[in-house]
Amino acid sequence: MISSRYLCDKIWQKLTFIKILDKEFKVFSTLRQPETQLEDNNNSKMENNKLNDSLSFVNYRFIYPEFLPDPNPLYRNNMREKLERMDMLSRRSVLNIPEFYVGSILAVTYSDLHTNEKINKFVGICILRKGTGLRSSFLLRNVVNGEGVEVSYDLYDPAIQKIDCLKLERRLDDELLYLRDAPLEYSTFPFDMEMESTFSKSVPINKIKIPLNPLPWSMKWELKNLKGVKDLIVNEKRRKKAEAYSKPWEKYDLMKTYRETIPEEEQIEIFSDVHTELRHLEIQKSILKRKNILKKQKIT
């Protein structure tokens, strides 16, 4: 009996001691709570900063596509890409390269040894933009003396003296090569065209649909999913062949889109390196635009 009472007392003492420890632990846990909250706040701030950075770099992949590396892994080299980005930034500090897209109308002034004034100027619509890094290029098209003329330029060519975006807009397709088989009126632009002032934050999209000339064409346009072409008329044989070659499942192929694009994490890492320089150049461009607007207002 005595031993059993003694054991009961010991057990009761241990239980009360455990309860006291539990209360003390809760007190200590409340004291430690601000530290954990600080850590959580720091983590949330870091996440918010990352989100803000990613949001600020969302449009960069459209405005500066040449800063992104080639999606093909066979042509990837981190050291070469970093050196090329440094060269591109130094070139942009000397030459003002405006924002433009396929469908924008550009005026390019470049040095030409074969002309009397040693300077030539070409105005045309951008029908193609391709390449990455220092190999990036764009193709302009216009009609001169009733003939379609196309001139290809390297974006960072030192012979280019000036690039002006006379009309900033986008089209429904990523390439406008089908203008070669369209009426000439859709590729005709005056060489003395004045620059249009754009005050909208978003880039306007021209939803025009262009009719093509009758067959033959330079390419089988019915095989491509073109949105900016009006009513492609082909015979039954070519239509069936186009249906056989069509691949409607490709838009669901995630690996194909992964191979043809750069992941968002890589884009943020790349643009974070050149963000300060590009932002500084953008501020300089805005200052020059305002000065030109004030000059025009004083003249008028």
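Here the structure is a predicted model, which means the values were calculated and not measured. In every chain, residue numbers begin from 1 and rise along the written sequence. Under the rules for a predicted model, residues below a pLDDT of 70 receive no local features and side-chain atom pairs below 80 are neither given nor counted, while totals for whole chains, interfaces and linings still include all residues. For side-chain calculations, the full set of non-hydrogen atoms in the structure is used, while hydrogens and water are omitted.

Novice: Just give me the short version of the overall build of the protein chain, but keep the residues and values in it.
Specialist: The number of helices and strands found in the protein chain is six helices and seven strands. To qualify as a helix, a DSSP run of H or I must reach at least 4 residues; to qualify as a strand, a run of E must reach at least 2; elements of each kind are numbered from the N terminus. Ordered by position from N to C terminus, the α and β elements of the protein chain give α-α-α-β-β-β-β-β-β-β-α-α-α. Across the 300 residues of the protein chain, 28% fall into the buried class. Long-range contacts, defined as pairs at least 24 residues apart, comprise 66% of the intrachain contacts of the protein chain with a sequence gap of at least 6. For the protein chain, the accessible surface area stands at approximately 21600 Å², while carbon and sulfur atoms represent 56% of it. A 1.4 Å probe rolled over the protein chains alone gives each residue an accessible area, and that area as a share of the maximum for its type sets the label: buried under 20%, exposed over 50%, partly exposed in between. Contacts are assigned to residue pairs that have any heavy atoms within 4.5 Å of one another. Throughout, the Shrake-Rupley method with a 1.4 Å probe supplies accessible areas, and for residues the shown protein chains are the sole cover considered.

Novice: Any details on the nonpolar core? Residues and values, ideally.
Specialist: Of all hydrophobic cores here, the largest spans 52 residues; its most connected members are Phe 67, Ile 127, Phe 138, Leu 140 and Tyr 153. Only α2 (60–63), α3 (78–94), β1 (105–111), β2 (119–130), β3 (137–144), β4 (147–154), β5 (160–167) and α6 (264–299) provide two or more residues apiece to this core. The element contributing the most residues to this core is β2, with six residues. Look past the residues within four positions of Phe 67 in its chain and what remains in contact with it is Arg 85, Met 88, Leu 89, Arg 92, Tyr 156, Ile 270, Phe 271, Val 274 and Leu 278. Nonpolar cores are built from buried Ala, Val, Leu, Ile, Met, Phe, Trp, Tyr and Cys residues. Side-chain atoms within 4.5 Å join them into one set.

Novice: Could you give an account of unusual backbone geometry, naming the residues involved and the relevant values?
Specialist: Cis geometry marks the peptide bond from Leu 215 to Pro 216, where omega comes out at 10°. Here Pro 216 shows up in the loop between β6 (210–211) and β7 (229–230). The backbone of Asn 145 sits at a positive phi, close to 55°, despite the residue not being glycine. As for its placement among the helices and strands, Asn 145 is situated in the loop between β3 and β4.

Novice: Please set out the packing of α3 against α6 residue by residue, giving values where relevant.
Specialist: Every axis in this analysis is a line fitted to C-alpha atoms, fitted for helices over the stretch in contact. Angles between the N-to-C directions lie between 0 and 180 degrees. Two numbers describe how α3 lies on α6: the axes approach to 11 Å, and their chain directions differ by 5°. The orientation of α3 relative to α6 falls into the category roughly parallel. Packed against α3, whose contacting residues are Arg 85, Leu 89, Arg 92 and Ser 93, the element α6 presents Ile 270, Val 274, Glu 277, Leu 278, Leu 281 and Lys 285 at the interface. Here is the rule for angles: anything less than 35 degrees is roughly parallel, anything more than 145 is roughly antiparallel, 65 through 115 is roughly perpendicular, and the remaining ranges are oblique.

Novice: Summarise the confidence of the model for the protein chain; cite the residues concerned and give the values.
Specialist: With 79% of its residues at a pLDDT of 70 or more, the protein chain has an overall mean of 80. What pLDDT expresses is the predictor's confidence in each residue, scored from 0 to 100. The weakest mean pLDDT in the protein chain belongs to helix α1 (residues 2–56) at 48; the strongest belongs to β3 at 96. For residues 17–38, every residue scores under 50 in pLDDT, and the model assigns this stretch zero contacts once sequence neighbours within four places are set aside.

Novice: Tell me what's going on with the state of the cysteines, and back it up with residues and numbers.
Specialist: For this text, the term disulfide refers to a pair of cysteine sulfurs within 2.5 Å. Scanning the model with the defined rule gives zero disulfides in all. No disulfide involves Cys 126; its sulfur sits 9.4 Å from that of Cys 165, the nearest cysteine. Assessed through its relative accessible area of 12%, Cys 165 is described here as buried.

Novice: Could you give me a rundown of the sheet that holds β5, with the residues and numbers involved?
Specialist: What the five strands build is an open sheet, ordered β4-β3-β2-β1-β5; its pairing is antiparallel. The outermost strands of the open sheet, each flanked by one partner alone, are β4 and β5. Within the sheet, the average angular offset between the axes of one strand and its neighbour, ignoring direction, is 35°. The pairing of β2 with β3 spans five bridges and is antiparallel. Its bridge partner being in β3, Cys 126 is matched across the sheet by Leu 140. A pair of strands is considered paired only if DSSP assigns at least 2 bridges between the two.

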